[in-house]
Amino acid sequence: MDIAALITWVITALGGFYLLGTWIQRGGIRQQQTGASHLPAPVVFGHFALAAIGLVVWIIYVVTDKSALAWASFGLLLPVALLGFVMLARWIPVHRDRTAVGAPAAAAPGAGGTVPAERHFPIAVVLAHGLFAVATLILVLLTALGIGGS
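Keep in mind it's a predicted model, so treat the numbers as computed, not measured.

Procedures and definitions
Residues numbered from 1 in each chain as written. Predicted model: local features only at pLDDT ≥ 70, side-chain atom pairs only at ≥ 80, totals over all residues. Heavy atoms only, no water. Helix = DSSP H or I, 4+ residues; strand = E, 2+ residues; numbered from the N terminus. Buried < 20%, exposed > 50% of the residue type's maximum accessible area, 1.4 Å probe, protein only. Contact = heavy atoms within 4.5 Å. Patch = residues over 30% accessible without salt bridge, like charges linked within 9 Å, V, L, I, M, F, W, Y side chains within 5 Å. Areas by Shrake-Rupley, 256 points an atom, 1.4 Å probe, with all protein chains shown as cover. Salt bridge = Lys/Arg side-chain N within 4 Å of Asp/Glu carboxyl O. Phe/Tyr/Trp six-rings, centres within 6.5 Å; stacked < 30°, edge-to-face > 60°.

### Some thoughts on unusual backbone geometry
And then number 1: One non-glycine residue with positive phi stands out, namely Asp-65, at about 60°.
And then number 2: On the secondary structure map, Asp-65 appears in the loop between helix H3 (41–64) and helix H4 (67–99).
And then number 3: Its relative accessible area of 45% is what places Asp-65 among the partly exposed residues.

This is the structure in structure tokens:
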């Protein structure tokens, strides 16, 4: 089960890298000053950093099979999930603005007439990232509990 968790975590990370890259490329960091982006940079980068640290700890766990590392990874995933839900909650209104009936993709810009960077997130990537993240959290917890072997 530890390898399954590693695979889902890597897939989740790939989706997250894509979303982070899109957000940066579309001006998410610059939009912090104008308030156009609804995703605060500390939340975005905190989510990324904790997830990356947790993945490294999980890889070390897979190699060493030390249960304390499995629990440390799970502990790191909890704030990652919380930050992810915060970003999802802040992204949903931006996505709804984009998909409003009769609204063009660039309609309803954020502060200063700027389109929020997160408006460019493909819904399929957001959904896949979230689903794989939930699967990862469950697999890590089950592994830490010793269910399913390691």
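Now that the structure has been shown, the text picks up again.
### Considering the environment of His-129
And then number 1: The topology assignment puts His-129 in helix H5 (residues 123–144).
And then number 2: Between the C-alpha atoms of His-129 and Trp-9, which are 120 residues apart in sequence, the distance is 9.6 Å.
And then number 3: Every residue in contact with His-129, bar those within four places of it in the chain, is listed here: Thr-12, Gly-15, Gly-16, Leu-19 and His-47.

### Digging into a nonpolar patch on the surface
And then number 1: A cluster of nonpolar side chains, namely Val-10, Leu-14, Phe-17, Ile-24, Ile-29, Phe-45 and Phe-48, defines an oily patch on the protein surface of about 590 Å² accessible area.
And then number 2: When contributions to the nonpolar patch are tallied by element, the ones reaching two or more residues are helix H1 (2–25) and H3.
And then number 3: Its location among the elements puts Ile-24 in helix H1.

### Here's the deal with the environment of Ala-72
And then number 1: Its place among the elements puts Ala-72 in helix H4.
And then number 2: Residues Ala-72 and Tyr-61, 11 residues apart in the sequence, show an inter-C-alpha distance of 9.4 Å.

### Considering the packing of aromatic side chains
And then number 1: One pass over the full model with this rule turns up 5 aromatic pairs.
And then number 2: Measuring from centroid to centroid gives 6.3 Å for Trp-9 and Trp-58, while their planes differ by 35°, and the two rings are tilted. One end of the pair, Trp-9, is in helix H1; the other, Trp-58, is in helix H3, with 49 residues separating them in the sequence.
And then number 3: Note on Trp-58: relative accessible area 0%, which makes it buried.
And then number 4: Where Trp-71 meets Phe-74, the ring centres are 6.0 Å apart and the plane angle is 90°; that geometry is what we call edge-to-face. Taken as a pair, Trp-71 and Phe-74 lie in helix H4 at a separation of 3 residues, close to a single helical turn.

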